[in-house]
Amino acid sequence: PSPAGPSSTARSEALFARARAVTPGGVNSPVRAFRSVGGVPRFIASAHGAYLTDVDGARYIDYIGSWGPMILGHDHPAVREAVAHALSGGTSFGAPSAREVELAELVTRLTGTDKVRFTSSGTEATMSALRLARGFTGRKFIVKFRGNYHGHADGLLVEAGSGLMTNADGPLGAAAPSSAGVPPEYAALTLVTEYNDPAALDALMQERGAEIAAVIFEPVVGNAGVLVPTPDFVDALHRVKDAGALLIADEVMTGFRLSLSGATGLLGLEPDLSCWGKIIGGGLPVGAYGGRAEIMEFVSPQGPVYQAGTLSGNPLAMAAGLATLRTLEADPDIYARLDAYTARLAAGLQDAAHAAGVPISVNRIGSMLTAFHQGAPHGSVGSYAQAAGSDTAGFAAWFQGMLARGVYWAPSQFESIFVSAAHTDAELSTTLDAAHTAYTAAAGA
Ligand code: PMP
């Protein structure tokens, strides 16, 4: 069945009003509020395959996939059955169980890491990996890149991307920290430099290297829109190890998304520690961090770096993650199919925008894509500053045009969209028809 745009948003509006009365901004994560694109956020009733259905009965082709986890599509039978089976055996034990061992064995094997520890979110994973890096090296400072987002731990809310780039009250282009409530003294322990600028990273390491516990980075950025690292930058990342700093790849978004060995596997990167989330939980709350045994053995109870979680290793979450990763591993062409669909989506968007006279610049890798509303050559947006130069009003008009035609794009210029294995030729052609009309309308606006 083809998707239909909503004739009414009355139920979403009513729920949003109730939500605003009891929840800040009416949402439990800021970008869901549609602040940067306007209009009423759709309250979702259900999701199957490539589609979301909202509470007013409108169906949308979903390009968010819960911001990454739903790589198999929504309500995948293998995941549903695994979770149902786990559910019948109790929902949480607060004691170790077999599925945690199985998922840890699978993640370490696929990613080539020695040891892994599960958390309940990506934020906890990055926060814990940094504590571990500090504990292991005995150093205080960390380095992150402008516009990269690693979750909302205090020390990482410094020049951060994602919702912090688009929140109407947010600090686009402002100096660190990116959030009220982060003491400047704390933010001062986070040094910030430019993504895809190897000379700047080398200079920082030259000057401060002996004080730096870790450099954390998105191996492919999703949170400033998609930015792909240049080979020179990848080389510079490896050089941080020469200063004794740990290299931490934040693969929360890219892990199992770009390949079974993540973006690091694809790019030939060899981090000391990696962080995961999203796909490894198959749509349930999971994060993880892992790396070389000598480092991971610093984690409690084996070592002196404390980290814990009441629901860590939760049986439902482990079951969903296991089913998702096993399904990915069992399908040898799944990444090729995701890549082919997304390549055709990129080409179709370029043609549609060009025909309508709307300048866009598409960055794409695997099933991650951002169409920046700006005239730079395709594939050439490489930095936070270049991404931030996009026409966000033009993007918002186009986003609304897509939504009205039943295509649910990421509601921000500075996010990746995510294609799932449930997206087929039918969804592609509906999407490109909608894009053609939405670009034409946006050009006339
Ligand atoms: N790191 C990256 C690269 C992310 O994209 C995200 C979330 N979008 C996080 C960390 C934080 O994960 P979570 O929202 O599960 O805390």
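Since the model is a prediction, treat every value here as computed from it, not as a measurement.

Trainee: How would you sum up the overall build of the protein chain? Please name residues and give values.
Mentor: For the protein chain, the helix and strand inventory stands at 15 helices and 14 strands. Over its C-alpha atoms the protein chain spans a radius of gyration of 21 Å, differing by no more than 12% from the 22 Å that the globule rule assigns to 445 residues. In terms of its C-alpha atoms, the protein chain occupies a principal-axis envelope of roughly 60 × 55 × 45 Å. Relative to its 445 residues, the protein chain shows a buried fraction of 52%. Of all intrachain contacts in the protein chain linking residues separated by at least 6 positions in sequence, the fraction that spans at least 24 positions is 74%.

Trainee: Give me the lowdown on helix α15 (residues 425–444), citing residues and values where you can.
Mentor: Taking 1.5 Å per residue as the helical rise, α15 with its 20 residues ought to reach 28 Å, and the 29 Å between its terminal C-alpha atoms agrees with that figure. Among the residues making up α15, those that are buried are E427, T431, A434, A435, A438, Y439 and A442. For α15, the buried positions fall inside an angular range of 140 degrees around the axis, keeping them on one side. In α15, the exposed residues that point more than 90 degrees away from the buried face are D425 and G444. Structurally, α15 contributes buried residues whose contacts are with β3 (59–62), α12 (334–356), α14 (392–404) and β13 (407–408).

Trainee: Go over the site of the ligand, please, and point to the residues and values.
Mentor: Around the ligand, the structure places 17 residues, and the nearest of them are S121, G122, T123, G151 and V252. Considering each element in turn, the shell around the ligand owes the most residues, three residues, to helix α4 (residues 122–137).

Trainee: I'd like to hear about the UniProt feature "modified residue: N6-(pyridoxal phosphate)lysine" (unreviewed entry) in the protein chain, residue by residue, with values.
Mentor: Mapped onto the present numbering, the UniProt feature "modified residue: N6-(pyridoxal phosphate)lysine" (unreviewed entry) falls on K278. Relative to the assigned elements, K278 resides in the loop between β9 (273–276) and β10 (287–291). Sequence-distant contacts of K278, that is, excluding residues within four places in its chain, are made with G68, P69, G122, V252 and M253.

Trainee: Tell me about the packing of helix α3 (residues 98–111) against helix α11 (residues 315–330), and name the residues and values.
Mentor: Contact geometry for α3 and α11: axes closest at 9 Å, N-to-C directions at 35 degrees. Our pair here, α3 against α11, has a crossing hand that is left-handed. In contact with R99, E100, E102, L103 and L106 of α3, α11 contributes P315, M318, A319, G321, L322 and L325. Residue classes in the contact of α3 with α11 are distributed as seven nonpolar, one polar and three charged.

Trainee: Any details on the sheet that holds strand β12 (residues 368–372)? Residues and values, ideally.
Mentor: Pairing in this open sheet of three strands is antiparallel, and the strands run β11-β12-β14 from one edge to the other. In this open sheet, the two strands that pair with only one neighbour each are β11 (361–365) and β14 (417–418). Inspection of the sheet shows β12 paired to β14 by two bridges, in the antiparallel sense. Counterpart to M368 in the pairing with β14 is F418.

Trainee: I'd love a proper account of α4, names of residues and values included.
Mentor: For α4, spanning 16 residues, the distance from its first C-alpha to its last is 23 Å, which sits close to the expected 22 Å at 1.5 Å a residue. All of the buried residues in α4 are G122, E124, A125, T126, M127, S128, A129, L130, L132, A133 and F136. Downstream of α4 by one or two residues, G138 has phi in the positive range, about 70 degrees.

Trainee: Give a detailed account of the confidence of the model for the protein chain, specifying residues and quantitative values.
Mentor: Across the protein chain, the average pLDDT comes to 94, with 96% of residues at or above 70. With pLDDT under 50 throughout, residues 168–175 is counted as low confidence; its partners more than four residues away or in other chains account for eight contacts. Overall fold confidence (pTM) sits at 0.95, and the ipTM for the predicted complex is 0.99.

Trainee: I'd like to hear about the pairing of β9, residue by residue, with values.
Mentor: Here β9 shows no split at all, with L273 and C275 on one side and S274 and W276 on the other all buried. The sheet contact formed by strand β8 (residues 246–250) and β9 spans three bridges and is parallel. Paired with A249 across the two strands is S274, which belongs to β9. Handedness of the β-α-β unit built from β8, helix α9 (residues 262–267) and β9 comes out right-handed. Looking at chain direction, β9 and β10 are connected through four bridges and run antiparallel. Paired with W276 across the bridge in β10 is A288.

Rules used in this analysis
Residues numbered from 1 in each chain as written. Predicted model: local features only at pLDDT ≥ 70, side-chain atom pairs only at ≥ 80, totals over all residues. Helix = DSSP H or I, 4+ residues; strand = E, 2+ residues; numbered from the N terminus. Rg over C-alpha atoms; globule rule 2.2 N^0.38 Å. Buried ≥ 20, exposed ≤ 12 C-beta atoms within 10 Å, placed from the backbone. Contact = placed C-beta atoms within 7 Å. Expected span 1.5 Å × (residues − 1). Arc of directions from axis to C-beta. Near = placed C-beta within 6 Å. UniProt positions renumbered as here; feature names shortened; annotations may be inferred. Axes fitted to C-alpha atoms, helices over the stretch in contact; angles between N-to-C directions. Left-handed = near helix turned anticlockwise from the far one by under 90°. Nonpolar A, V, L, I, M, F, W, Y, C, P; charged D, E, K, R; others polar. Pairing = 2+ DSSP bridges. pLDDT = per-residue confidence, 0-100. Right-handed = clockwise from strand over helix to strand, strands pointing away.

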